[in-house]
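Here is what each chain is made of, one letter per residue.
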Amino acid sequence: MSASTNAMPHAAGPAGEAPGAPEFTADGGDWAEIAAEAERLGEERIVVNMGPVHPSTHGVLRLILEIDGETIRELRVGTGYLHTGIEKNMEYRTWTQGVTFCTRMDYVAPLFQEVAYCLGVEKLLGVTDEIPTRATLIRVLMMELNRIASHLVAIGTSGNELGATTMMTVGFRGREDILRIFERITGLRMNHAYIRPGGVAQDLPPGTTDYVRELLPNIRLSVKELQDLSAQNPIYKLRHVDVGYISLPAAMALGLTGPSVRAAGLPLDLRKLQPYCGYETYDFDVPVRDKSDAYNRVMVRFDECYESIKIVTQVLDRLDATPGPVMVADKKIAWPAQLSIGSDGQGNSLGHIKEIMGTSMESLIHHFKLVTEGFRVPAGQVFQTIEHAKGVMGVHLVSDGGTRPYRAHFRDPSYSNLQSTAAMTEGGMLADVVVTLASLDPVLGGVDR
């Protein structure tokens, strides 16, 4: 541990701070040396870095805290430590390959990025009304299950950060049931690339709807058990009620969306306000509370889990009654062109290989060009929004008429929600920073795209 004092003014201290205020730097160890020096100088204001590698920052996030004793005087959010270049990489891949990139942004809720991106591509292609009904139903099923999984991670990990390890284990138990469903449908637990422009990669395996119905009671039980552990727990309430409060006008001014703004009483949910994927045909409510503090933000997520279960139940009934294709009929777009999975669950079936390799030279040429070059998208641009688990997600796509995006940019809710962190924490206690940040539920893969 090293400590130093320098007669330098803070670069961004509070208004009215006298020049020449001492600056303290801590590098691991305890604070005994710094505390002794601060006491000698009569100065208790210290700048502390939380992160960028910290167990409570939900990823590689840096918080620069100026504290006076245990009180937060100023908080600044430092992003950019996990920059992946996903959006730039998408400019060098085909439109279909773009799904494999954007799914890796918010890795806790990957299917929302996939759907938003594909809806945007389909608008540019002009095939929105041609997407098969069954494909749209599958998309809704996947998104609502993913919403529950995302909320379970948010609530469970935030409890673990306060020492309630049981909350995390219960939350991950419920998420595990959902990941089993995803694995059955897509072959993967995350980073699925299952939603494709024009529909979905494959239809549901036989018996999937019954399998989901079988697991839904377990998922509901995990949500209920988490709620029982926290909703009326006096210690939990002491750490959350009136912590990280933000008014509705301030939340709207800072672009806060999702459960965090619905906790303040505003029913801002694009599934109701700007429906997509047929959400206007489902029976569900938009949960709201009377103020946006850490406690109500968690409670809204619990309510939303139950509403998502309602939607999933409706989708399952519709899927049973709606057979049909899961990819648009236009073979110039439908990639992969209705491949048949082999008996090993990985490669293509012998029947499919026989058709494209031995029966039709045209099929082989078309398959090769579609996979290697991709389809062309008419020149233009589009902005598509959906209701992500964490708030409003937008995707801006620009096409120059080629086989890959000219530009792809995402409005990720985790990134925009972080703007409100300072307004929620300044004037509060150092220990409340962890609670407040967790209640916003940022995932840094979506922040540093």
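None of these values were measured; they are calculated from a predicted model.

A. View of the packing of aromatic side chains. For the structure on display, the rule yields three aromatic pairs. Look at Tyr-279 and Tyr-282: their rings are 6.1 Å apart centre to centre, the planes differ by 55°, and that puts the pair in the tilted class. No difference in accessibility class separates Tyr-279 from Tyr-282, as the two residues are buried. In textbook terms, an aromatic cluster arises when at least three aromatic residues are bridged by ring pairs, as seen for Tyr-276, Tyr-279, Tyr-282 and Phe-284. Directly above the aromatic system of Tyr-415 lies the positively charged group of Arg-449, at a separation of 5.7 Å from the ring centroid.

B. Expanded view of the sheet that holds strand 7 (residues 71-78). Ordered in space as 3-6-7, the three strands form an open sheet in which the pairing is antiparallel. Strand pairing shows two members of the sheet lacking a second neighbour, strand 3 (45-50) and strand 7, which therefore form its edges. Shown here is a sheet whose adjacent strand axes are inclined to one another by a mean of 20°, direction ignored. Pairing analysis gives six bridges linking strand 3 to strand 6 (residues 62-68), with the strands arranged antiparallel. Counted as the bridge partner of Ile-46 is Ile-67 from strand 6. Helix 17 (residues 431-440) rests against strand 3, strand 6 and strand 7 of the sheet, and its axis sits at about 145° to strand 6.

C. Structural detail: the pattern of salt bridges. Evaluated as defined, the whole model comprises 26 salt bridges. Across the pair Arg-449 and Glu-87 runs a salt bridge, and its minimum N-O distance is 2.9 Å. Taken together, the positions of Arg-449 in the segment after helix 18 (444-447) and Glu-87 in helix 2 (residues 86-90) put the pair 362 residues apart, joining distant regions of the chain. Pair check on accessibility: Arg-449 and Glu-87 agree, each one buried. Salt-bridge contacts for Asp-177 lead to Arg-180; the nearest nitrogen and oxygen are separated by 2.8 Å. With a gap of three residues between them, Asp-177 and Arg-180 both fall in helix 6 (residues 165-186), about one helical turn apart. Several salt bridges share partner residues, and in doing so they unite Glu-144, Arg-147, Asp-269 and Arg-271 into one network.

D. Region of the structure containing unusual backbone geometry. Phi is positive for Ala-193, close to 50°, though the residue is something other than glycine. Its location among the elements puts Ala-193 in the loop between helix 6 and strand 8 (195-196). Classification of Ala-193 by relative accessible area gives buried; the value is 8%. Residues other than glycine seldom take positive phi values, yet Cys-277 does so here, at roughly 55°. When you line up the elements, Cys-277 lands in the loop between helix 11 (270-273) and helix 12 (294-320). In this structure Cys-277 comes out as buried when scored by relative accessible area, which is 13%.

E. Region of interest: the sheet that holds strand 11 (residues 391-399). In spatial order, the strands read 10-11-12; together these three strands make up an open sheet with antiparallel pairing. What marks the edges here is a single partner per strand, and that holds for strand 10 (380-388) and strand 12 (407-411). Neighbour-to-neighbour, the strand axes of this sheet turn through a mean angle of 15°, independent of strand direction. Sheet topology note: the strand 11/strand 12 ladder contains five bridges and is antiparallel. When the bridges of strand 12 are listed, Val-395 appears paired with Phe-410. Packing of helix 4 (residues 110-125) onto the sheet brings it into contact with strand 10, strand 11 and strand 12, and relative to strand 10 it is tilted by some 150°.

Definitions and cut-offs
- Residues numbered from 1 in each chain as written.
- Predicted model: local features only at pLDDT ≥ 70, side-chain atom pairs only at ≥ 80, totals over all residues.
- Heavy atoms only, no water.
- Phe/Tyr/Trp six-rings, centres within 6.5 Å; stacked < 30°, edge-to-face > 60°.
- Buried < 20%, exposed > 50% of the residue type's maximum accessible area, 1.4 Å probe, protein only.
- Lys NZ or Arg CZ within 6 Å of the ring centre and 35° of its normal.
- Pairing = 2+ DSSP bridges.
- Helix = DSSP H or I, 4+ residues; strand = E, 2+ residues; numbered from the N terminus.
- Axes fitted to C-alpha atoms, helices over the stretch in contact; angles between N-to-C directions.
- Contact = heavy atoms within 4.5 Å.
- Salt bridge = Lys/Arg side-chain N within 4 Å of Asp/Glu carboxyl O.

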